[in-house]
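Inside the fold
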Amino acid sequence: MKFWRALRRRCPRCGSRDIWLRWGQLRTRCLGCGYPFEHEEGYWVGAMIVNLGMAEGLFAMVLLGGIALTWPRVAWTHPLIASGC
Ligand SMILES: [Zn+2]
């Protein structure tokens, strides 16, 4: 039942449809039942892990691709400058 309400973007407690101010922005409370919509502690941890993983993966792909393309005479100057060494 709650999953069906979530798919229809409605309040999980009462099913009210007036829980959104605009796309992607929830009200602080449901207008129908007063249920508070708050982010729990650690809400953004998953997004930060995915973001960090993708950034590190992209950096590794560029670095290893550059090394593979210039092997055996790897131009180390550019990676060292880019890394700040
Ligand atoms: Zn409600």
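Everything below is about the structure printed above this text.
Attention here is on the structure that accompanies the text. (Residues numbered from 1 in each chain as written. Predicted model: local features only at pLDDT ≥ 70, side-chain atom pairs only at ≥ 80, totals over all residues. Heavy atoms only, no water.)

A closer look at the overall build of the chain
Rule in force here: Labels follow the DSSP assignment, with helices taken as runs of H or I lasting at least four residues and strands as runs of E lasting at least two, numbered in each case from the N terminus. For every residue, the accessible area (1.4 Å probe, protein chains only) is compared with the maximum for its type, and the residue is labelled buried under 20%, exposed over 50%, or partly exposed between those bounds.
Of the regular secondary structure elements, the chain holds three helices and two strands. Helices and strands in the chain line up, N terminus first, as α-β-β-α-α. Projected onto the principal axes, the alpha-carbon positions of the chain cover approximately 70 × 25 × 20 Å. Considering the chain as a whole, with its 85 residues, one finds that 11% of them fall into the buried category.

Quick word on the coordination of the zinc ion
Heads up, the condition is: Think of the donor list as every N, O and S atom within 2.8 Å of the metal, or within 3.2 Å for Na, K and Ca; water never makes the list, so a site can look incomplete. In this scheme the shape depends on donor count and angles: four donors with every angle between 85 and 135 degrees give tetrahedral, four or six donors with opposite pairs above 155 degrees and others between 65 and 115 give square planar or octahedral in turn, and any other case is irregular.
Donor atoms from the polypeptide that bind the zinc ion are C11 (SG), C14 (SG), C30 (SG) and C33 (SG), placed at 2.3 Å. Bound by four donor atoms, the zinc ion shows angles of 106 to 113° at the metal and therefore tetrahedral coordination geometry. The motif formed by the donor residues of the zinc ion, counted along the single chain, is C-x2-C-x15-C-x2-C. Judged by relative accessible area, which is 4%, C30 ranks as buried.

Some words on the packing of aromatic side chains
Operational definition: Classification of ring pairs uses Phe, Tyr and Trp, with its six-membered ring standing for Trp, and accepts pairs whose centres are within 6.5 Å; under 30 degrees between planes counts as stacked, over 60 as edge-to-face, and the remaining range as tilted. Two limits define a charge over a ring: the Lys NZ or Arg CZ must be within 6 Å of the ring centre, and within 35 degrees of the ring normal.
Enumeration over the complete set of coordinates arrives at two aromatic pairs. Here the aromatic rings of Y35 and F37 are separated by 5.6 Å at their centres, their planes lie at 70°, and the arrangement is edge-to-face. With relative accessibility at 16%, the residue F37 sits in the buried group. Centre to centre, the rings of Y43 and W44 are 4.9 Å apart; their planes meet at 85°, and the pair counts as edge-to-face. Positioned above the aromatic ring of W20 is the side chain of R9, whose terminal nitrogen or guanidinium carbon lies 4.0 Å from the ring centre.

Describing the layout of surface pockets
Here the idea is plain: a probe the size of a water molecule rolls over the atoms and shows the empty space left. We apply this condition: A 1.4 Å probe that fits but cannot get out identifies a cavity on a 1 Å grid over protein atoms alone, an open set with protein on both sides within 12 Å along at least five of seven lines counts as a pocket, and a residue lines either if it has an atom within 4 Å of a point. Grid points are joined across faces, edges and corners, and a volume is the space filled by probe spheres set on the points. When residue character is reported, Ala, Val, Leu, Ile, Met, Phe, Trp, Tyr, Cys and Pro are called nonpolar, Asp, Glu, Lys and Arg charged, and the others, Gly included, polar.
Its volume calculated, the largest pocket comes out at about 390 Å³. Lining of the largest pocket is provided by 18 residues; of these, W20, L26, F37, H39 and Y43 occupy positions nearest its centre. At the level of secondary structure, the elements contributing two or more residues to the lining of the largest pocket comprise α1 (2–7) and β2 (25–26). If you tally residues by element for the lining of the largest pocket, the top one is α1, at three residues. Looking at side-chain class alone, the lining of the largest pocket contains nine nonpolar, three polar and six charged residues. In terms of lining residues, the second largest pocket is bounded by F59, V62, L63, G66, I67, T70, V74, A75, H78, P79, A82 and S83. Only α2 (45–70) and α3 (77–83) provide two or more residues apiece to the lining of the second largest pocket. The element best represented in the lining of the second largest pocket is α2, accounting for six residues. Residues that form the lining of the second largest pocket fall into these classes: eight nonpolar, four polar and no charged.

The values are spatial; any link to function lies outside them.
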